[in-house]
Amino acid sequence: MAKIRRKKRSPKIRPETAKEISVLAWIQDAYGNVLLVQQSVGRQLWSLPGGKVRASEPLKQALRRELKEEIGLTVVSAKVVDLFDRPLKSSMAVLFQTKLRKGRLKLAESEIKSAAFVGRLPRNATPSVRYFWSRQLPLISVRGNVLDM
């Protein structure tokens, strides 16, 4: 009788080797302008609202948490529209097209210095904003501005 050999299972990936994942929100006003937030620490770059995903946290839950923390608003809907893989930084950003419940922005002053809906990319924008901006704006101009009624 022949012996059956079982394949060895590969060891679990150690947390140190895993990619860091961020979730970012693409939020537009009725005129097609995009909401950017300016970081209050470091180089004070302009970014899309969002942040890092915690261990074992679902992506949409992380997006809801980060937007509530940073801008004080609640997510109504969100769908993944793009990814930015940065292998040399061992990170990945997931971009969500996001709709929010109406309300006033309440910025987390410890994290966010300023927020604005912009039609042009600021010079001091993060690499992820630059990447997504170049990929999303051409799509928006083809689709046009659509208002939900």
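Let us look at the structure shown here.

Quick look at the overall build of the protein chain
Across its full length, the protein chain carries two helices and seven strands. Residues classed as buried in the protein chain amount to 35% of the 149 residues present. Summarising the internal contacts of the protein chain: among those between residues at least 6 apart in sequence, 67% fall at separations of at least 24. Within the structure as shown, the protein chain displays about 10,700 Å² of accessible surface, and the carbon and sulfur contribution to it stands at 54%.

Quick look at the pattern of salt bridges
Taken as a whole and judged by the stated rule, the model has seven salt bridges. Ionic pairing is found between Glu-66 and Arg-65, a salt bridge with its closest N-O pair at 3.0 Å. Summarising the burial analysis for this pair, Glu-66 and Arg-65 share the class buried. Residue Glu-69 pairs with Arg-65 through a salt bridge whose shortest N-O separation is 3.5 Å. Of this pair, Glu-69 and Arg-65 both sit in helix 1 (residues 59-71), four residues apart, which is roughly one turn of that helix. Note on Glu-69: relative accessible area 32%, which makes it partly exposed. Here the salt bridges do not stand alone but share partners, grouping Arg-54, Glu-57, Arg-65, Glu-66 and Glu-69 into one network.

Quick notes on the sheet that holds strand 2 (residues 34-39)
Read across the open sheet, the three strands follow the order 3-2-7; overall the sheet is antiparallel. If you trace the sheet from one side to the other, it starts and ends with strand 3 (46-47) and strand 7 (112-118), each paired once.

What to know about the packing of aromatic side chains
Per the stated rule, a full pass over the model turns up four aromatic pairs. With 6.1 Å between their ring centres and 75 degrees between their planes, Phe-84 and Phe-132 make a pair best called edge-to-face. Of this pair, Phe-84 sits in strand 5 (residues 75-86) while Phe-132 sits in helix 2 (residues 127-143); the two residues are 48 residues apart in sequence, bridging distant segments of the chain. With relative accessibility at 12%, the residue Phe-84 sits in the buried group. Each ring, one from Tyr-131 and one from Phe-132, has its centre 5.4 Å from the other, and the planes form 70 degrees; the classification is edge-to-face. On the accessibility criterion, Tyr-131 (26% relative accessible area) is partly exposed. Residue class for Phe-132 comes out buried when judged on its relative accessible area of 0%.

Overview of the sheet that holds strand 4 (residues 50-52)
If you walk across this open sheet you meet the four strands as 4-1-6-5, and the pairing is mixed. Looking along the sheet, the strands with just one partner apiece sit at the ends: strand 4 and strand 5. Put simply, the sheet's adjacent strands are angled 20 degrees from each other on average, direction ignored. Here strand 1 (residues 20-26) pairs with strand 6 (residues 91-100) via seven bridges, running parallel. Paired with Ala-25 across the two strands is Phe-96, which belongs to strand 6. Where helix 1 meets the sheet, it contacts strand 1, strand 4, strand 5 and strand 6, and its direction lies at approximately 70 degrees from that of strand 6.

Quick word on the nonpolar core
Side chains of nonpolar character tend, in soluble globular proteins, to be buried together. Counting 15 residues, the largest nonpolar core has Ile-27, Leu-63, Leu-67, Ile-71 and Phe-96 as its most contacted members. Contributions of two or more residues to this core are made by strand 1, strand 2, helix 1, strand 5 and strand 6. In terms of residue count, helix 1 provides more of this core than any other element does, four residues in total. Listed in part, the 14 residues of the second largest apolar core include Trp-26, Leu-36, Leu-95 and Val-129.

About the criteria used
- Residues numbered from 1 in each chain as written.
- Predicted model: local features only at pLDDT ≥ 70, side-chain atom pairs only at ≥ 80, totals over all residues.
- Heavy atoms only, no water.
- Helix = DSSP H or I, 4+ residues; strand = E, 2+ residues; numbered from the N terminus.
- Buried < 20%, exposed > 50% of the residue type's maximum accessible area, 1.4 Å probe, protein only.
- Contact = heavy atoms within 4.5 Å.
- Areas by Shrake-Rupley, 256 points an atom, 1.4 Å probe, with all protein chains shown as cover.
- Salt bridge = Lys/Arg side-chain N within 4 Å of Asp/Glu carboxyl O.
- Pairing = 2+ DSSP bridges.
- Phe/Tyr/Trp six-rings, centres within 6.5 Å; stacked < 30°, edge-to-face > 60°.
- Axes fitted to C-alpha atoms, helices over the stretch in contact; angles between N-to-C directions.
- Core = buried A, V, L, I, M, F, W, Y, C linked by side-chain atoms within 4.5 Å.

From the geometry alone we can't say anything about function, so treat these as descriptive.
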